[in-house]
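These are the residues of each chain, in order.
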Amino acid sequence: MKKIYFTLIVLYAGLMSAYSSHVKYLDDCPAPTITYSGATTICLGETVTLTSSSAENNLWSNGETTQSVTVNRAGVFTVKTITTGCTSDLSAPVIISLNEAPVISVEGAATRSGCTGVILSGPEPALVTTLAGSSAGMLNDTGTAARFRQPLGIGVMPDGSLLVSDYGNGMMRKISVSGVTSTFGTNTSFFAPAGMYIDGSGTTYLCEAGRGRIHVIAANGSSAIFAGTLPGYNDGPILSAKFRYPAGITADASGNFYVADYDNHVIRKISPVGIVSTFAGMGETLGYADGVGSAARFFHPYGITSDNSGNLFVTESGNHKIRKITPDGTVTTIAGSVIGYADGPANEARFSSPCGIDMDVDGNFYIADLNNNRIRKLSADGQVTTLIGDTAGNTDGTFGVAQLQNPYLLQLSNDGYLYVADFNNNRIRKIDLNKPGFDSWYWVEGSTSREFSPAISGSYAVKSVLRGCTSAAGSPVTVTIGPAATPVISYVSDMLDAGPGGLRYFWFHGLDYLANDSGRYLQSPVVGGSYTVSMRDSNGCQTGESVAFEVTATTEKTPTAIFRIVPNPAGSRFRIAGIAPGTKIEISNVTGQKLISISGDSETYIDVQNLAAGLYNVNIGTGVLKLVKDR
């Protein structure tokens, strides 16, 4: 017997030796580790390099196989090694966050001009504000003077007022469009009122989670039990069916209602004829599985909404995912992976007990991420980003500053606002989605104020800053600053000419202002000396004075009489004053062709509307004046 035993031991040892020479244990190919330099929160356009501890045989979660990868997006990144006969576990994940500030542009026209003080303005940023509530309590009042105790559900009435399920106070509250909070309805003893659905007539369907019931509340506040009896699980007619903590409710265009039955881990359907059935999931069976109807599994479904095609979208707080259910009951996962916090592609994103959900007309979802204290956005192209929130707090302000504390349910309004039941802040928050979400401005010249006044002409643009990240520049504005060039006086045809470009000219003889001369041309000066001119340009800017033009004996013109053309330049007619009655007046062009000939009076008006714009000679007796016809 001893010999046989010894033989068996030797045989066993030989077999194990052969086995161990062909099999590698996990300890032989341990999971690699990832190192990186710099921060894991990056701005748009920045990158971070991740490096595996293994020099070869790497397979990254993004499909790359090199030792180092460079990433420029949000997401969860892991690596494993694969060798012949041995695949390691995944490395610990590295989560990359991306802050993308929106591109903004200067308000108003694309070209600006003026003197000093041209002001450019960036757009106003979107804000998060407190619509109602402050500390916990029960008080009807206006704005933040009102008191709630853990508001949980919220809905928008057809007139724009809000209904709030005040979970801790066990009642429904109403906030008018002017911000006044009141008690809504006659029932003030609900047990854990939760989600609601409001139809086009203002009728509200409210989940009373604590008693396992759905209530219907008319617009005037009267209420009745719509479905459910005692907490439990039972399909059938609405008044004998049972729910266990119904949390959210929505409806489709055919009149069916759908309930997120939280503690039964299913989605229930209430038909228009009053029959309750299980639409997706297995009653009283929690889990996670995509599939059709009862083959699917849920773990604490909470918020629910629907689109125009009859698809349902459910936040699953226990599995930390967003699920989609088609009208035939097919359940798929559209966002979320494991518990945590991570932006990025929908399948990599992480939530922590998502609750509220609503959808805009562009197919974007807004999700109340309860334990991450954030509002997340799932875009129509499958990217998850953080809209607002960070650590728990109650700060109002821009998107990068605002804080929440356990937001539960939320609701979009038709006018572009998102209302949030901020549960542990005892507040109703209002988020403006009509404006770009950023924190401050950054002009190309370095100014960080909303308004910017350029010092010189040029092209100017503005950028936005969100959570410390700066956007690309928006469309530029071309700015022309300051007056046109100072005029230069020349002597043309017995006149002083200040040159084109002004709206009004200011002539001086020495220190004397020639108040009656405001045009480009100064009629033949009758007195020698220094003449200067300044002008107001097309931007309304006043130029400096020209270099003095000296009038000497060779340029003086001595008239035979003192008379003047008013106005000059002239439009359709002008006036000549100071001549003797019967004085002959002739108007000719610069070539000497006579165009008008009349006898004047002590004050004579001459119609020149048929003359083309240009320069003309006005012969008065033996004197000559110049007329400028400007239109």
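Thresholds, definitions, all that
- Residues numbered from 1 in each chain as written.
- Predicted model: local features only at pLDDT ≥ 70, side-chain atom pairs only at ≥ 80, totals over all residues.
- Heavy atoms only, no water.
- Core = buried A, V, L, I, M, F, W, Y, C linked by side-chain atoms within 4.5 Å.
- Buried < 20%, exposed > 50% of the residue type's maximum accessible area, 1.4 Å probe, protein only.
- Helix = DSSP H or I, 4+ residues; strand = E, 2+ residues; numbered from the N terminus.
- Contact = heavy atoms within 4.5 Å.
- Disulfide = S-S within 2.5 Å.
- Salt bridge = Lys/Arg side-chain N within 4 Å of Asp/Glu carboxyl O.
- Phe/Tyr/Trp six-rings, centres within 6.5 Å; stacked < 30°, edge-to-face > 60°.
- Lys NZ or Arg CZ within 6 Å of the ring centre and 35° of its normal.
- Pairing = 2+ DSSP bridges.

Further remarks concern the nonpolar core. Leu120, Ile375, Ile388, Phe399, Leu418 and Ile431 are the most contacted members of the largest nonpolar core, which has 30 residues in total. Elements represented by at least two residues in this core include exactly strand 33 (365-369), strand 35 (383-389), strand 36 (407-412), strand 37 (417-422), strand 39 (440-443), strand 42 (462-466) and strand 44 (477-481). Broken down by element, the residue count for this core peaks at 3 residues, all from strand 44. Ignoring any residue separated from it by four or fewer positions in sequence, one finds Leu418 in contact with Tyr366, Ile375, Leu410, Gln411, Leu412, Arg429, Lys430, Ile431 and Leu433. Core analysis: the second largest hydrophobic core is formed by 26 residues, Ile214, Phe226, Ala251 and Tyr408 among them.

Overall, the coordinates contain 2 disulfides when judged by the stated rule. Note on cysteine connectivity: Cys29 is disulfide-linked to Cys86, with sulfurs 1.4 Å apart. In this pair, Cys29 sits in the loop between helix 1 (2-20) and strand 1 (34-36) while Cys86 sits in strand 8 (residues 86-87), placing the two residues 57 residues apart along the sequence. When sorted by exposure, Cys29 lands in the same class as Cys86, which is buried.

What follows deals with the pattern of salt bridges. This structure, assessed with the given rule, holds 19 salt bridges. Here Arg268 ties to Asp235 by a salt bridge, and the two come within 2.9 Å at their closest N and O atoms. Here Arg268 is found in strand 24 (residues 266-270), whereas its partner Asp235 is found in the loop between strand 20 (223-227) and strand 21 (236-237), with 33 residues between them in sequence. Given the relative accessible area of 0%, Arg268 is considered buried. In this structure, the salt-bridge partner of Arg323 is Glu316, at a minimum N-O distance of 2.6 Å. A network of salt bridges, in which partner residues are shared, links Glu107, Glu124 and Arg450.

Inspection of every chain in the model, using the stated rule, returns 17 aromatic pairs. On the basis of an interplanar angle of 80 degrees and a centroid distance of 6.1 Å, the ring pair of Tyr197 and Phe257 is categorised as edge-to-face. Within this pair, whereas Tyr197 is found in strand 17 (residues 193-198), its partner Phe257 is found in strand 23 (residues 257-261), the two being separated by 60 residues in sequence. An aromatic cluster is built from Tyr167, Tyr245, Tyr262, Tyr302, Tyr408 and Phe423, whose rings are joined through pairwise contacts. If you follow Arg374 out to its NZ or CZ, it ends over the ring of Tyr341, 3.7 Å from the centre. Over the ring of Phe351 we find Arg376; its NZ or CZ atom is 4.9 Å from the centre of that ring.

Mapping Gly544 onto the fold places it in the loop between strand 50 (529-537) and strand 51 (549-551). Taking the C-alpha atoms as reference points, Gly544 and Pro569, separated by 25 residues in sequence, lie 22 Å from one another. In this view, Gly544 contacts Thr486, Pro487, Val533 and Ser534; residues no more than four positions away in its chain are not counted.

Quick look at the sheet that holds strand 46 (residues 495-497) now. Read from one edge of the open sheet, 3 strands run 45-46-49, paired in antiparallel fashion. The open sheet has two free edges, formed respectively by strand 45 (490-492) and strand 49 (521-522), since each of these has just one partner strand. As judged from the 3 bridges shared by strand 45 and strand 46, these two strands associate in the antiparallel manner. Residue pairing across strands places Val492 opposite Met495, the latter belonging to strand 46.

Another point: the side chain of Asn425. Locating Asn425 in the fold gives a position in the loop between strand 37 and strand 38 (427-432). Sequence-distant contacts of Asn425, defined by excluding residues within four places in its chain, comprise Ser134, Gly393, Asn394, Gln403, Leu404 and Gln405.

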